[in-house]
Amino acid sequence: MERSRPEVEFELLPLLRIHKNGHVERLLGTDFVPAASNDPLTGVSSKDITIVHETNSISARLYLPKLSSANRKLPLLVYFHGGGFCISSPFTSNYHNYLNTLVAEANVIAVSVNYRKAPENPIPAAYEDSWAALQWVVSHCNNNGPECWLNEHADFERLFLSGESAGANIAHNMAVVAGDPEFGPSVHILGVALVHPYFWGSDPIGSEAANPEAKAATDRLWPFVCPSNPDNDDPRVNPLAADAPSLVGLGCSRVLICVAEKDVLKDRGWLYYQELG
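Keep in mind that what you see is a predicted model, and the values were worked out from it rather than measured.

A.B. asks: Looking at this structure, I do not really get the sheet that holds strand β7 (residues 109–114). What am I missing?
C.D. replies: Each strand in a sheet pairs with another by means of backbone hydrogen bonds, the pair being arranged parallel or else antiparallel. Pairing is mixed in the open sheet, where 7 strands are placed in the order β4-β5-β7-β6-β8-β9-β10. Here the strands that pair on one side only, and so sit at the sheet edges, are β4 (45–52) and β10 (252–258). Sheet twist, expressed as the average angle between the axes of neighbouring strands with direction ignored, equals 20°. Judged from the 5 bridges that link them, strand β6 (residues 74–80) and β7 form a sheet pairing that is parallel. Considered in β7, the bridge of Leu76 is made with Ile109. The strands touched by helix α6 (residues 266–276) are β9 (189–195) and β10; relative to β10, the strand with the most contacts, the crossing angle is about 150°.

See below:
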């Protein structure tokens, strides 16, 4: 007799489905690639570390390029992966291979942060973990932190944040907090690179209404990952909402924004760029 499949209570395709028994089935971003002491294609070394050893454990994967000089300090990148706040990790082949290439080409040291995901850990968990990770990174600015790669090789005068999609949203929100004199880190963030940033809003702009299927799917994402404030005009997802903090206060000197021609999010990225201008 064929075993019955668990009943599905909720779907957020193509990312995940939730079964009535409470099981969260992630459909993408579940593979795991181990860190390597020497990547054969790029020469980059990587290792996994735990940042916070508590109930809400925060981990990361560190990347170090092939060094031409043991004493040379390198720019430091703190990276936040994408996945709609609910799937993926720094340990998937997609992000691991990307960071290997980026670190080799840009000659930077990188910290790729693994933050908690919804629905088990809804927003603001991802922001809280990312801020804790950034504070941990900055704790090495005097060369006396717990991680030797950062102590020996990171140049904290060239600190950058970056992320893709939801990760770019996190990078933006970290820059917002960093710009607050009360909460900002003890070192300055030189730049933030936002790749296909996940920004949204209640009212469609640009070409969003021309793609009703993609718009409807995106409309559902923030309420799912942030049930405590399911409004798509929450300033954390709509940085140009009426009550959002001014982008003038971002705690960084430079911003790079990348958008994709066929991405439903592209008009939000353009609007963000124009507001910065």
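What follows picks up the thread again.
A.B. asks: Please clarify how the packing of aromatic side chains should be interpreted in this entry.
C.D. replies: The geometry of an aromatic ring pair is captured by the separation of the ring centres together with the interplanar angle, meaning the angle of the planes. Counted according to the given criterion, the structure contains 9 aromatic pairs. Between the aromatic rings of Phe10 and Phe224, the centroid separation amounts to 5.0 Å while the plane-to-plane angle is 10°, which identifies the pairing as stacked. With Phe10 in strand β1 (residues 8–12) and Phe224 in helix α5 (residues 212–225), the pair connects residues that are 214 residues apart, well separated along the chain. The exposure class of Phe10 is partly exposed, given its relative accessible area of 26%. With a relative accessible area of 13%, Phe224 lands in the buried category. Where Trp270 meets Tyr273, the ring centres are 5.7 Å apart and the plane angle is 80°; that geometry is what we call edge-to-face. A residue pair is termed a helical-turn pair when its members lie 3 or 4 positions apart in one helix, as Trp270 and Tyr273 do in helix α6 at 3 residues. By relative accessible area, Tyr273 is classed as partly exposed at 48%. What links up through ring pairs into an aromatic cluster is the set Phe85, Tyr127, Tyr198 and Trp222.

Definitions and cut-offs
- Along each chain, residue indices are assigned from 1 in the same order as the chain's sequence is written.
- Where local features are concerned, this predicted model is filtered to residues with pLDDT of at least 70; where side-chain atom pairs are given and counted, the filter is 80 or more; whole-chain, interface and lining totals use all residues.
- To get the side-chain values, take all heavy atoms of the structure and skip hydrogens and water.
- Strands were regarded as paired on the criterion that DSSP finds at least two bridges between them.
- A run of H or I in DSSP becomes a helix once it reaches four residues, and a run of E becomes a strand once it reaches two; helices and strands are each numbered from the N terminus.
- Simply put, an axis is a line fit to the C-alpha atoms, just over the touching stretch for a helix, and the angle between two N-to-C directions goes from 0 to 180 degrees.
- We call two residues in contact whenever any of their non-hydrogen atoms come within 4.5 Å of each other.
- For Phe, Tyr and Trp, where Trp contributes only its six-membered ring, two rings pair if their centres lie within 6.5 Å, and the inter-plane angle classes them as stacked under 30 degrees, edge-to-face over 60, or tilted in between.
- Each residue is assigned to one of three classes by its accessible area relative to the maximum for its type, calculated with a 1.4 Å probe on protein chains only: buried under 20%, partly exposed between the two thresholds, exposed over 50%.

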